[in-house]
Structure formats: structure tokens, C-alpha cells
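Now for the letters of each chain:
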Amino acid sequence: MTEPEIDYTALFRALPGMVALLTPQLVYADANEEFLRLTGRTREQLVGRYLPDAFPELPDDPVAAVRRNVQASLRRVAETGEPDTIALQRYDVEDPDRPGIRDERYWSWVNTPVFGSDGRVALLLHRVEEVTELIRAREVALSLQEAMLPAPRPAGHHQAAVRYRPATGALHVGGDWYDLADLPGGRVAVAVGDVVGHGLPAAGVMGQLRSALSAASRVVGGPARALEVLGLYARSVDGAENATVAESFIDWDAHTITYSSAGHPPPALLQPGGTVEFLNQATDPPLGARPEHAPRLQATEPFTDGAALVLYTDGLIERRREDIDTGLARLARSLARHRADGPETLADALLADLLPPGGLTDDTALVIMRL
């Protein structure tokens, strides 16, 4: 039986969604009909043109940052020969029925290498998918997340700042969380945690673990014991396996921080002079990772007035193909640079310094307590 002859050019141009081909030098080689329609370009206006020339930046262009992210992703694919996915981006499109009015739109970009016979990257396959309706359909999830995360309250005259930033692709919800709880004796418990996964299922598990730890912290003697109780509870919660948590008890009278970690990145103690110490002397495996229950480690660190305690999840420091120590060093430099800032200003500065410009690929929770 003779195999049918396939017109790959016609097939490419008929593909659903927006698809384009570019050279490694970011020159358009082809584009399908949907790409041309939604970008408002003809084939003659696009093919053979350098990407920045085909879509030039204009003064006060609201989507200039998105275009730069797309170009950076394509260059990474050309250089590494590996696919690259850009976190969801907002890119508004002019309404054809209302000239000058731009509709809010959200898009997903995936860039993939196409190799030539010599094994080198010959073309870049650029695929764009609109996900606006999916975003709108789950906006309620953001309200759910905010309802499950407490607003910070002053601990005496000590101020706290909290931030939660979802992974862009997770549609506003995920498994990262924080908690602040008043304890007997005027102490305060501060915790952050990270549930594996994204979306509503992870958010549901997060809510259960946060509430359980908040309750346990109020009745036990220290953070290690609270995490032991949480670990036992997590065994009965589907999806809680391998969740990580770090908790610190702050004793204002004794000027000490007692802390314990279940597989979580270490809290950072910023001294008034700018020195940063990572509290890493009490780290155990994540929740449910041990086959049998065992006591958890706990350590105590003194602090001086004017210091700051920073707890965070791994989205703040981890990057693909990068050692975690590099991320911790980057955090320490940012903390030292902004050491004189109050908690709110410091929180914003850390996010500005450390979060990737192309959008978050992981949730990020952050708590800062000025001591």
C-alpha cells in the first residue's frame, strides 16, 4: 500500500492555535493562519523579518516586558537546544469592534527546538495558546487562597509583613502557606510550608496543614513537638506526603528564636549590621517521609533588637539548573542591601530582587518579622 503524500506546509498552516517557526537568529520562517490573524500581520509582513522588527517596542508599551520575555525564551532554546516554557503572561489585545480598547487576555508560550541533520538547532517552534477563559473561570480560587491565609497582626510593638505569590501557571492557587500564632507567655509562632503540587487540590491540603499546625503550636512546648504532631496528622491527609514546613517560636523576653524544620529551606536571621545567618541546625525530613514516627530536631538562636527573621518557601530562592546555595547567597545579599528597611518595604524589595522577571514557575510565600 502506497503511503499518502503529506503536504507539511499545508499541515503546519492549518494547525489549531498560534504557531510560528523562527530561525535561531529570531527571524520568522513561517507562521500559521491563526498566528497571522491574532497578531494582525500578513505573511509578507512577517516572514523573513527579525522578531524585534516585526513587533517593535513603542513608547509606554504595556506589553514590552512580555515581548522581552518571549525573546529571551527563544534565545535560551537556540543556545541550549532544550524546550522552554514561559509562565502565563498577560498580553492585552485590541478589540476589533472597539478601536483603541484593549481586552484583558492571558497566554501560554512554549518554545521547542527543531534539529537539523547535523544535530544543531535549525528552527525554533513557537507555540502560543490563549488561556483567558480558564483564568476567568478560576478567579474564585484567589479568594479561596486569601481566605485560608491569615492577615498579619502586630506582636506587641513588633511588626510583621507577609507575601504570597502564586506560580503564574497555577492560576492563583497552590500549596505554599504561612502562619503567625500568638502563644502563651507573649511568644509568637511563625511558620511557612509547602505542599507538593499546584491548584485547588494543593490549596485544600495546605489549608488543612496550616490549621493543624496553628492549633498544635498553641498547646505544645516547642516547634519540634508541633511538627511531630503535624507529621502524625499529615499521615491521614491525602496529598500531604512530603510537604515541607519550617517553624520558629520567638521569645521576646529571652531574646531567642527556637526553630525546627521538616525538609524546608532554613529561616534567615538578618542582624542589624547586615550579617545574615541561616538557621539550619534543626533540619529533618519532610512530613510523612519517615516510615516510622520519630522525634524532630530543635535548636535555639539568640537575637538582638533590630534584627529580622525571614521565613520563605523555595519559590523565592530556587531556579532551574542552579544549586540551592546560589539562591541562598542571593537572598543573603538582598537582605544585607535592604537591612534598614521596615518589614513591608523589605518584603517588596526581596520579591523585586529575587523573583524571575519571566514570571513565577513555583509558588512563593514570605514572612518577615522585625525583632
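Look a little higher up for the structure.
Here goes a summary of the coordinates provided. Residue positions are given per chain, counted from 1 along the sequence in the order it is written. Only residues with pLDDT of 70 or above have their local features reported here, since the model is predicted, and side-chain atom pairs are shown and tallied only from 80 upward, although totals for entire chains, interfaces and linings are computed over all residues. Excluded from the side-chain calculation are hydrogens and water; included are all heavy atoms of the structure.

Re the packing of aromatic side chains
- Pairs were defined over the aromatic rings of Phe, Tyr and Trp, the Trp ring being its six-membered one, requiring ring centres within 6.5 Å. Orientation was assigned from the angle between planes: stacked under 30 degrees, edge-to-face over 60, tilted for the rest. Taken as a whole and judged by the stated rule, the model has 3 aromatic pairs.
- Where Y28 meets F55, the ring centres are 6.2 Å apart and the plane angle is 65 degrees; that geometry is what we call edge-to-face. A residue pair is termed long-range when its members are at least 10 positions apart, and Y28 in strand 2 (residues 28-31) and F55 in the loop between helix 4 (51-54) and helix 5 (64-80) qualify at 27 residues. Both residues of the pair, Y28 and F55, count as buried.
- Among the aromatic side chains, those forming a connected cluster through ring pairs are Y28, F35 and F55. Secondary structure counts use DSSP, requiring at least four H or I residues in a row for a helix and at least two E residues in a row for a strand, with both numbered from the N terminus. Residue burial is assigned from relative accessible area. The probe radius is 1.4 Å, only protein chains are included, and a residue is buried under 20% of its type maximum, exposed over 50%, and partly exposed in between.

Description of the sheet that holds strand 8 (residues 160-165)
- Reading across the sheet, the 5 strands line up as 8-18-17-13-14 and stay open at both edges, with antiparallel pairing between neighbours. The sheet is open, and its two borders are formed by strand 8 and strand 14 (276-278), each paired with just one other strand. Across this sheet, the average inter-strand angle for adjacent strands is 15 degrees, counted without regard to direction.
- In the sheet, strand 13 (residues 268-270) pairs with strand 14 via 3 bridges, with the strands oriented antiparallel. By the bridge assignment for strand 14, A268 is matched with F278.
- Against the sheet, helix 10 (residues 324-337) makes contact with strand 13, strand 14 and strand 17 (308-312), and its axis sits at roughly 145 degrees relative to strand 14, the strand it touches most.
- Where helix 11 (residues 343-354) meets the sheet, its contacts fall on strand 8, strand 13, strand 17 and strand 18 (364-370), and the angle it forms with strand 8 comes to roughly 30 degrees. Here, any two strands with at least 2 DSSP bridges between them count as paired. Throughout, an axis means a line fitted to C-alpha atoms (over the contacting stretch in the case of helices), and angles, computed between N-to-C directions, take values from 0 to 180 degrees. We call two residues in contact whenever any of their non-hydrogen atoms come within 4.5 Å of each other.

Remarks on the sheet that holds strand 3 (residues 84-90)
- Overall, antiparallel pairing links the 5 strands, which are arranged 2-1-7-6-3 in an open sheet. The two strands at the open ends of the sheet, each matched to only one other strand, are strand 2 and strand 3. On average, each strand axis in the sheet is tilted by 20 degrees relative to the strand beside it, whichever way the strands run.
- Relative to strand 6 (residues 106-115), strand 3 runs antiparallel, the two sharing 5 bridges. When the bridges of strand 6 are listed, T85 appears paired with V110.
- Strand contacts of helix 5: strand 1 (18-22), strand 3, strand 6 and strand 7 (121-130), with the helix running at about 175 degrees to strand 3, the strand carrying the most contacts.

Quick look at the pattern of salt bridges
- Any carboxyl oxygen of Asp or Glu that lies within 4 Å of a side-chain nitrogen of Lys or Arg is treated as forming a salt bridge with it. Under the defined criterion, the tally for this structure stands at 14 salt bridges.
- Its salt-bridge partner being E344, residue R163 comes within 2.8 Å of it at the nearest N-O pair. Residue R163 is found in strand 8, and its partner E344 is found in helix 11; the two are separated by 181 residues along the sequence.
- Residue R163 is classed as buried on the basis of its relative accessible area of 12%.
- For the salt bridge of E322 with R330, the shortest nitrogen-to-oxygen distance reads 2.8 Å.
- Salt bridges here are not isolated pairs; linked through shared partners, they connect R13, D30, E33 and R43.

Re empty space enclosed by the protein
- Only protein atoms enter the calculation, which uses a 1 Å grid: trapped sets of points that fit a 1.4 Å probe without letting it out are cavities, open sets showing protein on both sides within 12 Å along at least five of seven lines are pockets, and any residue with an atom within 4 Å of a point is a lining residue. Grid points are joined across faces, edges and corners, and a volume is the space filled by probe spheres set on the points. Within this structure, the stated rule accounts for 2 cavities of 30 Å³ or more.
- Estimated volume of the largest cavity: approximately 120 Å³.
- If you go around the largest cavity, you meet 13 residues; those closest to its centre are G231, R235, H293, A294 and R296.
- Each residue gets one label: Ala, Val, Leu, Ile, Met, Phe, Trp, Tyr, Cys and Pro are nonpolar, Asp, Glu, Lys and Arg are charged, and the others, such as Gly, are polar. Looking at the lining of the largest cavity residue by residue, the classes come out as 5 nonpolar, 3 polar and 5 charged.

Re the nonpolar core
- We call a set of buried residues a nonpolar core when its members are Ala, Val, Leu, Ile, Met, Phe, Trp, Tyr or Cys and they connect through side-chain atoms within 4.5 Å of each other. Residues Y178, I250, M369 and L371 are the most contacted members of the largest nonpolar core, which totals 25 residues.
- Of all the secondary-structure elements, those providing two or more residues to this core are strand 8, strand 9 (174-182), strand 10 (188-198), strand 11 (244-251), strand 12 (256-262), strand 17 and strand 18.
- Beyond its immediate stretch of four places on either side in the chain, M369 contacts H158, Q159, A160, L180, V188, V190, I250, W252, A307, A308 and L309.

Spatial relationships are all this shows, so hold off on functional conclusions.
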